[in-house]
Amino acid sequence: MHVDVAPQIGQIAFVLRGKDEGGYAVIIGIVDERFVLIADGDKKRFDRPKKKNIAHLELQSVISSEVVNSMNETGRVTNAKLRYAIQKFVQAKGE
């Protein structure tokens, strides 16, 4: 495993394996040191997140402050906010 930093809530991740392969998602929960819960606000909604092995994700250096703030305040985040965070990241990356 090549994980040098622990995943954080609100962090953007690139999916390397599985049905969502090639897309981006936001980490909305940490199960243990191997698994996280991800959602993209579109196919994977906040209320039905995907449990994903960290080895199958490429963690990005970006952490969405909107998602973090919302999770801290209410314990949840809207699907629109997840989509917005991913969209903003992709635009900033210039893809």
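For the structure, check the block above.
For clarity, every value in this text was computed on a predicted model and none was experimentally measured.

Asker: I would appreciate a short explanation of the pattern of salt bridges in the present structure.
Answerer: Side-chain pairing between opposite charges can occur once the charged atoms of the two side chains come close. Following the criterion strictly, the structure yields 1 salt bridge and no others. One salt bridge connects K88 with E66, and the closest N-O pair in it is separated by 3.1 Å. Highlighted residues: K88 in helix α2 (residues 79-93) and E66 in helix α1 (residues 65-74), separated in sequence by 22 residues. Among the residues examined, E66 registers a relative accessible area of 22% and is labelled partly exposed.

Asker: How do you make sense of the packing of aromatic side chains when you look at a structure like this?
Answerer: Between two aromatic rings, the relevant description is the distance of the centres plus the angle of the planes. Per the counting criterion, the structure on display carries 2 aromatic pairs. With a centroid separation of 5.1 Å and 70° between ring planes, the pair formed by Y24 and F89 is classed as edge-to-face. You can see Y24 sitting in strand β2 (residues 24-30) and its partner F89 sitting in helix α2, a full 65 residues away along the chain. Look at F89 and you get buried, because its relative accessible area is 7%. Taken together through their ring pairs, the aromatic side chains of F14, Y24 and F89 make up a single cluster.

Asker: Explanation requested: α1 in the structure shown.
Answerer: Because an α-helix completes one turn every 3.6 residues, residues spaced three or four positions apart along the sequence face the same direction. Looking only at α1, the buried set comprises V67, S70 and M71. All buried residues of α1 fall inside an arc of 100° around its axis, so they share one side. For α1, exposure combined with an orientation more than 90 degrees from the buried face picks out N72 and E73. On its buried face, α1 is in contact with β2 and α2. A positive phi of about 80° marks G75, the residue just after α1.

Rules behind the numbers
- Residues numbered from 1 in each chain as written.
- Predicted model: local features only at pLDDT ≥ 70, side-chain atom pairs only at ≥ 80, totals over all residues.
- Heavy atoms only, no water.
- Salt bridge = Lys/Arg side-chain N within 4 Å of Asp/Glu carboxyl O.
- Helix = DSSP H or I, 4+ residues; strand = E, 2+ residues; numbered from the N terminus.
- Buried < 20%, exposed > 50% of the residue type's maximum accessible area, 1.4 Å probe, protein only.
- Phe/Tyr/Trp six-rings, centres within 6.5 Å; stacked < 30°, edge-to-face > 60°.
- Arc of directions from axis to C-beta.
- Contact = heavy atoms within 4.5 Å.

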